[in-house]
Amino acid sequence: MMMPFKRQALVEFENIDSAKECVTFAADEPVYIAGQQAFFNYSTSKRITRPGNTDDPSGGNKVLLLSIQNPLYPITVDVLYTVCNPVGKVQRIVIFKRNGIQAMVEFESVLCAQKAKAALNGADIYAGCCTLKIEYARPTRLNVIRNDNDSWDYTKPYLGRRGSHGPLLPLPSRYRMGSRDTPELVAYPLPQASSSYMHGGNPSGSVVMVSGLHQLKMNCSRVFNLFCLYGNIEKVKFMKTIPGTALVEMGDEYAVERAVTHLNNVKLFGKRLNVCVSKQHSVVPSQIFELEDGTSSYKDFAMSKNNRFTSAGQASKNIIQPPSCVLHYYNVPLCVTEETFTKLCNDHEVLTFIKYKVFDAKPSAKTLSGLLEWECKTDAVEALTALNHYQIRVPNGSNPYTLKLCFSTSSHL
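Here the structure is a predicted model, which means the values were calculated and not measured.

(A) Structural detail: the pattern of salt bridges. Under the definition given, this model contains six salt bridges. A salt bridge links Arg146 to Asp148, with the nearest nitrogen and oxygen atoms 2.9 Å apart. For Arg146, a relative accessible area of 52% corresponds to the exposed category. Each of Lys62, Arg92, Glu106 and Asp153 takes part in a single network of salt bridges with overlapping partners.

Dropping the structure here:
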């Protein structure tokens, strides 16, 4: 049984000898899951009790809690309705985005909910992302006030006018479970590169609030360096009344979703970030003051050349990854060496990497790229925050090179 927000799980074996073997083995040899060391010990629970028996109509609940992991594409009521309704009749959906993307889906009956949980738990809405983790919710009924992208009552269509579906795409065949109850089509509006999307202007929820920022080491540019990996940044403003807290206006609500998913609870300069969707619709340059490092508490990045999602072509080249201990660097001059990066780390007072790799460049290439590995994820996040977009000047060169960093798909070098 998964407990994702505790980063823990319970595993029930057939007999106690198997459990002993597991604990003994893990004590002698480190076990890694998705690049993280996992620790095994005995639980105080004697057995795993399921929230409800999927074969027993009297068990469980007709409301399911869906956690959408790695939501690279927009998650709306239309998307979830198209996925869930073919399995069991959906009555109401509510989406909330405080810490990651979650939704509650109320079905017509407990049996419908059980069938949906059995058919869809663990499936990707789209290949490699938007993974569904499903459990029974605590509420037995959902209350929907209005019909919009984040909530819908299908028994009361008069609460709002239904929007049009996005393009229909096939669910990857390996997730169809061989069951006719599993939906084969998924609907979502394709993400656009521009900040306005199809709506004209910023949709609601395009501002993120981040707290837990180190007051001496963080400023607007460093917030930009980290958050720009997940979407365009329009403005950054530190709040005078709440020290160590900033509002970040991003290009669209989907960039905010990615930032919340990947950066919430990340450790940075000895503090843990809390990243959530703000109630503000935009960032207003008011109550501007001087930060501890002498820079302004407000900065507008709307015209910055370092935004990475300004066109469809540029957006498609981005590697959208959660933080890891390996950074991908690119756009550095040919004269840059391992010693150059070591000096950069020392000058910016961040820990130095433990491994360095440069990719083979074409004879006609004017820049280099490669990988840098740190001892741990936190060290890499701090280095990226401090060094991203550093201007590397070349002797006798007219324009400096802008160092670009992002998290790599590689877990180790």
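(B) Spatial organisation of helix α4 (residues 220-227). The buried fraction of α4 is high, at seven of eight residues. Cys220, Arg222, Val223, Phe224, Asn225, Leu226 and Phe227 are the residues of α4 that are buried. Capping of α4 at its N-terminal end is provided by Asn219; its side-chain oxygen lies 3.2 Å from the backbone amide nitrogen of Ser221.

(C) Seen up close, the packing of aromatic side chains. Here the structure, examined in full by the defined rule, presents eight aromatic pairs. With 4.4 Å between their ring centres and 15° between their planes, Phe224 and Phe301 make a pair best called stacked. With Phe224 in helix α4 and Phe301 in the loop between β19 (298-300) and α6 (312-316), this pair connects stretches of sequence that are 77 residues apart. Here Phe224 and Phe301 have matching classes, each one buried. When the ring of Phe353 is compared with that of Trp374, the centres are 5.8 Å apart and the planes differ by 80°; the resulting orientation is edge-to-face. Of this pair, Phe353 sits in the loop between α7 (338-347) and β21 (355-358) while Trp374 sits in the loop between β22 (367-373) and α8 (377-387); the two residues are 21 residues apart in sequence, bridging distant segments of the chain. As far as the burial class goes, Phe353 and Trp374 line up, both buried. Joined through ring pairs, the aromatic side chains of Tyr329, Phe341, Phe353, Tyr356 and Trp374 make up one cluster.

(D) Structural context of the packing of α4 against α8. Two numbers describe how α4 lies on α8: the axes approach to 7 Å, and their chain directions differ by 120°. Judged by the angle between their axes, α4 and α8 are oblique. Along this stretch, α4 crosses α8, giving a crossing that reads as right-handed. Along the contact surface, α4 presents Arg222, Asn225 and Leu226, while α8 presents Val381, Leu384, Thr385 and Ala386.

(E) Representation of unusual backbone geometry within the structure. Look at Asn331: it is not a glycine, yet its phi comes out positive at around 65°. Relative to the elements of secondary structure, Asn331 occurs in strand β20 (residues 326-333). The phi torsion at Glu349 lies on the positive side, around 55°, for a residue other than glycine. Mapped onto the fold, Glu349 is located in the loop between α7 and β21.

(F) Summary view of the nonpolar core. Residues Leu226, Phe227, Ile233, Phe341 and Leu403 are the most contacted members of the largest nonpolar core, which totals 54 residues. Looking at which domains feed residues into this core, each of domain 3 (205-309) and domain 4 (320-405) supplies at least three. When sequence neighbours within four positions are dropped, the list of residues in contact with Phe341 reads Tyr329, Val332, Val336, Phe353, Tyr356, Leu372 and Leu403. Counting 30 residues, the second largest nonpolar core, distinct from the first, contains Val87, Val90, Cys112 and Tyr154.

(G) Quick peek at the sheet that holds strand β14 (residues 233-238). Read across the sheet, five strands follow the order β18-β13-β15-β14-β19 without closing on themselves; strand pairing throughout is antiparallel. The sheet terminates laterally at β18 (274-277) and β19, the two strands that pair on one side only. Shown here is a sheet whose adjacent strand axes are inclined to one another by a mean of 15°, direction ignored. Both β14 and strand β15 (residues 245-250) contribute to a ladder of five bridges, which runs antiparallel. Each bridged residue has a counterpart across the sheet, and for Ile233 the counterpart in β15 is Met250. Across the sheet, α4 lies against β13 (207-211), β14, β15, β18 and β19, angled at about 135° from β14, the strand it touches most. Strand contacts of helix α5 (residues 253-263): β13, β15 and β18, with the helix running at about 155° to β18, the strand carrying the most contacts.

(H) Layout of the environment of Thr295. Mapping Thr295 onto the fold places it in the loop between β18 and β19. The spatial distance from the C-alpha of Thr295 to the C-alpha of Asn219 is 7.2 Å, given a sequence separation of 76 residues. Apart from residues no more than four positions distant in its own chain, Thr295 is found in contact with Asn219, Phe289 and Glu290. Separated by 2.7 Å, the side chains of Thr295 and Asp293 make a polar contact.

(I) Molecular detail of the pairing of strand β7 (residues 101-107). With seven of seven residues buried, β7 lies mostly within the body of the structure. As paired elements, strand β5 (residues 63-69) and β7 share six bridges and run antiparallel to each other. Looking across to β7, one finds that Ser67 is bridged to Gln102. Relative to β7, strand β6 (residues 90-96) runs antiparallel, the two sharing six bridges. Counted as the bridge partner of Val94 is Met104 from β7.

(J) Looking closely at a positive patch on the surface. Together, Arg7, Lys267, Arg272 and Lys377 make up a positively charged patch on the protein surface. One can find Arg7 in the loop between β1 (2-3) and β2 (8-9).

(K) Molecular detail of helix α3 (residues 110-120). Regarding α3, the residues found buried are Cys112, Ala113, Gln114, Ala116, Lys117, Ala119 and Leu120. Close packing links the buried residues of α3 with β5, α2 (77-84), β7 and β9 (129-136). Just downstream of α3, Gly122 is the residue with a positive phi angle, here 90°.

Definitions and cut-offs
- Residues numbered from 1 in each chain as written.
- Predicted model: local features only at pLDDT ≥ 70, side-chain atom pairs only at ≥ 80, totals over all residues.
- Heavy atoms only, no water.
- Salt bridge = Lys/Arg side-chain N within 4 Å of Asp/Glu carboxyl O.
- Buried < 20%, exposed > 50% of the residue type's maximum accessible area, 1.4 Å probe, protein only.
- Helix = DSSP H or I, 4+ residues; strand = E, 2+ residues; numbered from the N terminus.
- Polar contact = N/O pair within 3.5 Å; in protein donor to acceptor, adjacent residues only side chain to side chain.
- Phe/Tyr/Trp six-rings, centres within 6.5 Å; stacked < 30°, edge-to-face > 60°.
- Axes fitted to C-alpha atoms, helices over the stretch in contact; angles between N-to-C directions.
- Parallel < 35°, antiparallel > 145°, perpendicular 65-115°, else oblique.
- Left-handed = near helix turned anticlockwise from the far one by under 90°.
- Contact = heavy atoms within 4.5 Å.
- Core = buried A, V, L, I, M, F, W, Y, C linked by side-chain atoms within 4.5 Å.
- Domains from an automatic or database assignment.
- Pairing = 2+ DSSP bridges.
- Patch = residues over 30% accessible without salt bridge, like charges linked within 9 Å, V, L, I, M, F, W, Y side chains within 5 Å.
- Areas by Shrake-Rupley, 256 points an atom, 1.4 Å probe, with all protein chains shown as cover.
- Lys, Arg positive; Asp, Glu negative; His and termini not counted.
- Charge placed at Lys NZ, Arg CZ, Asp CG, Glu CD.

Nothing here speaks to function; it is geometry throughout.
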